[in-house]
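# Per-entry structural report
Spelled out, the chains give:
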Amino acid sequence: MNEAPAVRGVILYGPPAAGKDTITRALADLDAAFSLFSRVKVGTGRFAGYRMGTPEQLEELRASGAVVYENSRYESTYVTDRPGLDTAFTAGVPVMHLGQVDGVRAVLDGYPAQWLTVLLWCPREITEARSNGRGDTDTPARLAAWDATRADLDDNPDFRFDLTIRSDEVGPEAAAEQIRQALTATRGDGDLVLVDFDDTLIDRLAAVTAWVAGYCMEHDLGPAVEQRMLEAMQIRADLDVIEALCAELGLPDSPSELWSRYEPQLAASVKPFPGVMEALTAVGEAGHQVVVVTNGGGQIQRAKLKASGIADVVGAACISEEVGARKPERQIFEAAAASVGRDLSQGGWMIGDNADLDVVGGRRAGLRTVWISHGQPWSGGAEPDHVVPTAVEALALVRGGGR
């Protein structure tokens, strides 16, 4: 493959009803530069989203060598043509929909650009439900195409997509943000650096402690209630935890009222540890690709990332609720690497303060690990590659190549 020029494009591959149209619209809403690449279609049926052509025009494209890739499906022929791509790249960032790995390979080889390849996936029953729900008259044909897509992936085990998104688990807006971040991430020659968020980059415990103290003081709940709330919320606080506390302690707010208050107030109050912003910036400027990997809900974690300023100085953020996997599961580390066009087989780093989630999970994913001790001794078990007291020192270590 030739060296890619600066132009950028997105290839969305997946079975029917995997969300290609919906996510393309979400991308356009996120950034007007994104637009659907309209392939030439020769045949009958749906014409929206295509440039309709005739058999004679198709022969002209073939004869002139302007066909990058063509395939037949649903009794029609679909063509990715070089003149159309030229026009699309001039206008902005084209988003191409393909359903064959051979087609993806043909575009990567036949039209060099900074392509981001994205596998959009959903189970067969989701394709069926979505197809029926939108009133398709050819649902059996779409299910047959789903089967063909599954077989296509099985027949091409060596092909690696830059990014994989489960569209039945990740909403279109979150998927669009993942694609945008992956496309715009700096693709330097440095290491992949995955880093935990809560109590590694930001002082979440201090923020939670202050919030609980303020809430209990406001309602005159006393030290015993304050201690119990902090005990329950210091590691993880979601709606389930809030509901349990309301039931146990008889708090003055309903679970929904308390959560709607806690979520934005906590997000607004979190602060990075001293020196973290500068350290993250320096690691990125050194050519490394930094991705925040965190368990938690997408809305509150992204609010905290934005409010703290960390979203502005990292390449991407991978949140468990959005990807359908939690640390220490390998899948979340795979998703984090893919969000910046990397693969775990290339190695990298995992930095975090949790021995099980960050160190054990990182080691199982094949990454070098740095444990943030906050001055505490290592608890035993599979040891990290390095132990340092703060994220600033961890990031300096990584920037120096682990020395």
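Residues numbered from 1 in each chain as written. Predicted model: local features only at pLDDT ≥ 70, side-chain atom pairs only at ≥ 80, totals over all residues. Heavy atoms only, no water.

### Thoughts on the nonpolar core
This is how it is decided: Among buried residues, the Ala, Val, Leu, Ile, Met, Phe, Trp, Tyr and Cys ones that are joined through side-chain atoms within 4.5 Å form a nonpolar core. Burial status follows relative accessibility: with a 1.4 Å probe on protein chains alone, a residue under 20% of its type maximum counts as buried, one over 50% as exposed, and anything between as partly exposed. Only DSSP runs of H or I covering at least 4 residues are called helices, and only runs of E covering at least 2 are called strands; the numbering of each starts at the N terminus. Residue contacts are defined here by distance: any two heavy atoms, one from each residue, within 4.5 Å place the two residues in contact.
Core analysis: the largest hydrophobic core is formed by 48 residues, its most contacted members being Leu201, Met229, Met233, Tyr262, Val292, Ile310 and Ile351. Sorting elements by how many residues they give to this core places helix α8 (residues 204–218) first, with six residues. Once residues within four sequence positions are removed from consideration, Ile351 is found in contact with Val193, Leu194, Val195, Asp196, Thr200, Val370, Ile372, Ala394, Leu395 and Val398.

### Quick notes on the pairing of strand β14 (residues 368–372)
Quick note on the threshold: We call two strands paired when DSSP finds no fewer than two bridges between them. Note on handedness: a clockwise path from strand one over the helix to strand two, with the strands aimed away from the viewer, defines a right-handed crossover.
Burial analysis of β14 places four of its five residues in the buried class, the great majority of the element. Sheet analysis places strand β13 (residues 349–352) next to β14, joined by four bridges and oriented parallel. Looking at β14, one finds that Ile351 is bridged to Val370. Handedness of the crossover joining β13 and β14 through helix α16 (residues 355–364): right-handed.

### Points about the side chain of Thr77
Counted only if it meets this: Pairing of N or O atoms within 3.5 Å defines a polar contact, subject to two protein rules: one partner must be a possible hydrogen donor and the other a possible acceptor, and residues neighboring in sequence count only if both atoms are side-chain atoms.
Its location among the elements puts Thr77 in strand β6 (residues 76–81). Within polar-contact distance, the side chain of Thr77 engages the side chain of Ser72 at 3.4 Å. Ignoring anything within four residues of it in the chain, the contact list for Thr77 reads Val40, Lys41, Val42, Leu58, Glu70, Asn71 and Ser72.

### Observations regarding unusual backbone geometry
In this structure, Pro328 follows Lys327 across a cis peptide bond, with omega equal to 10 degrees. Note on placement: Pro328 falls in the loop between α14 (320–323) and α15 (330–338). Its identity is not glycine, yet Ala17 carries a phi of approximately 65 degrees, on the positive side. Non-glycine residue Asp199 carries a positive phi angle of around 65 degrees. Positionally, Asp199 belongs in the loop between β10 (192–195) and α8. Classification of Asp199 by relative accessible area gives buried; the value is 15%.

### Regarding helix α6 (residues 139–155)
How we decide: For a helix, the expected span equals 1.5 Å multiplied by the number of residues minus one.
Here α6 is 17 residues long and its end C-alpha atoms lie 24 Å apart, about the 24 Å a rise of 1.5 Å per residue gives. Among all positions in α6, only Thr139, Arg142, Leu143, Ala145, Trp146, Thr149, Asp152 and Leu153 are buried. Tucked inside the fold, the buried residues of α6 contact β1 (8–13), β5 (67–73), α4 (101–110), β8 (114–121) and α5 (124–133).

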